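Structural description and commentary
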Amino acid sequence: MRLILLGPPGAGKGTQAKMLMEKFQIPQVSTGDILRKAVQEGAELGKQAKICMDAGKLVQDDIVIGLIKERIVEADCKGGFILDGFPRTIIQAEKLTETLKEMSLSMDAVVDFEVDNEELVNRLTGRGTCADCGAMFHKTSRPPAKSGICDGCGGALYQREDDKEETIKKRLEVYQDETAPLKEFYRKQGNLKTAQGYGTVEEIFSRVCAMVS
Ligand code: AMP
């Protein structure tokens, strides 16, 4: 199965992608995670990307398209994959369609998570991310057992630079301008499904599973 998870930052795409990955045994492919790894490793590409990421802007299309093209041909993507945070522009979506066509593949479903802006800001500002495994916690809705420590791997939790309030505003604007038009793009292709992003993670997960199974 090949899935795209669409939706604004903070809508829960990463959390749902991890649950879908477990259920369907296919990898989560997150361009945000790939870029953060490149930043951590000090790669040249990471240095360029970091400037955009810290400012809440999108990284250049050619960079992320290149990363995705390399990633989806890896062996673990043979049985399918979950795209989390890609595509984010019409150009990226067109390139993805083209690349899959060359591989005689297509996407099975595009799930769009709907959450209003006030809730998104609350989720993002309260978020703590594990520096080691990337797991996410929230100070009120999903607090870790031990403050500042990841329940899963014991890594330290930090606030992502782009989860600070002033950057969040920019990310939401960028989402409206550049990414929201993808809903229409995929609606026209006939595979857009809309999931309400409210409730517990398990409730949202059941909604998504009912849509894609
Ligand atoms: P995310 O973890 O998906 O919220 O991504 C964090 C940041 O990485 C974004 O705010 C962008 O700066 C960058 N990024 C991730 N995916 C993309 C993409 N598909 N296109 C452009 N920039 C991206």
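Above this text sits the structure in question.
Let me begin by describing the structure that accompanies this report.

1. Examining the nonpolar core
- Within the largest apolar cluster, 27 residues are counted, with the highest numbers of intra-cluster contacts made by Ile4, Val59, Phe81, Leu83, Leu96 and Tyr186.
- A total of five residues in this core trace back to one element, the largest contributor, which is helix H4 (residues 61–71).
- Filtering out sequence-adjacent residues up to four positions away, Ile4 remains in contact with Leu83, Phe86, Pro87, Leu96, Met107, Ala109, Val110, Val111 and Tyr186.
- The next biggest cluster of nonpolar side chains, apart from the first, holds 21 residues, and it includes Ala17, Phe113, Ile168 and Cys209.

2. Comments concerning the sheet that holds strand S3 (residues 81–84)
- An order of S2-S3-S1-S4-S8 is seen for the five strands of this open sheet, with the pairing classed as parallel. The sheet is open, and its two borders are formed by strand S2 (28–30) and strand S8 (192–196), each paired with just one other strand. In this sheet, neighbouring strand axes are inclined to one another by 25 degrees on average, regardless of whether the strands run parallel or antiparallel.
- Bridge count between strand S1 (residues 2–6) and strand S4 (residues 109–114): four bridges; the pairing is parallel. Residue pairing for S4: Leu6 is matched across the bridge by Asp112.
- Contacts from helix H8 (residues 181–189) reach S1, S4 and S8 within the one sheet, and its direction differs from that of S1 by about 145 degrees.

3. Some remarks on the environment of Met107
- Within the secondary structure, Met107 is located in the loop between helix H5 (90–102) and S4.
- Look at Met107 and you get buried, because its relative accessible area is 11%.
- Placed 104 residues apart in sequence, Met107 and Leu3 show a C-alpha to C-alpha distance of 6.0 Å.
- In contact with Met107, not counting residues within four places along its chain, are Arg2, Leu3, Ile4, Phe81, Leu83, Leu96, Leu100 and Asn191.

4. Regarding the packing of H4 against H5
- At a minimum axis separation of 10 Å, H4 and H5 run at an interaxial angle of 30 degrees. For the element pair H4 / H5, the angle class is roughly parallel. In terms of crossing hand, the pair formed by H4 and H5 is right-handed. Where H4 abuts H5, its residues Asp61, Val64, Ile65, Ile68 and Lys69 lie against Ile91, Gln92, Lys95, Leu96 and Thr99.
- Here the residues of the contact of H4 with H5 are counted per class, giving five nonpolar, two polar and three charged.

Rules used in this analysis
- Residues numbered from 1 in each chain as written.
- Predicted model: local features only at pLDDT ≥ 70, side-chain atom pairs only at ≥ 80, totals over all residues.
- Heavy atoms only, no water.
- Core = buried A, V, L, I, M, F, W, Y, C linked by side-chain atoms within 4.5 Å.
- Buried < 20%, exposed > 50% of the residue type's maximum accessible area, 1.4 Å probe, protein only.
- Helix = DSSP H or I, 4+ residues; strand = E, 2+ residues; numbered from the N terminus.
- Contact = heavy atoms within 4.5 Å.
- Pairing = 2+ DSSP bridges.
- Axes fitted to C-alpha atoms, helices over the stretch in contact; angles between N-to-C directions.
- Parallel < 35°, antiparallel > 145°, perpendicular 65-115°, else oblique.
- Left-handed = near helix turned anticlockwise from the far one by under 90°.
- Nonpolar A, V, L, I, M, F, W, Y, C, P; charged D, E, K, R; others polar.

Functional significance is not addressed by these values, which are geometric in nature.
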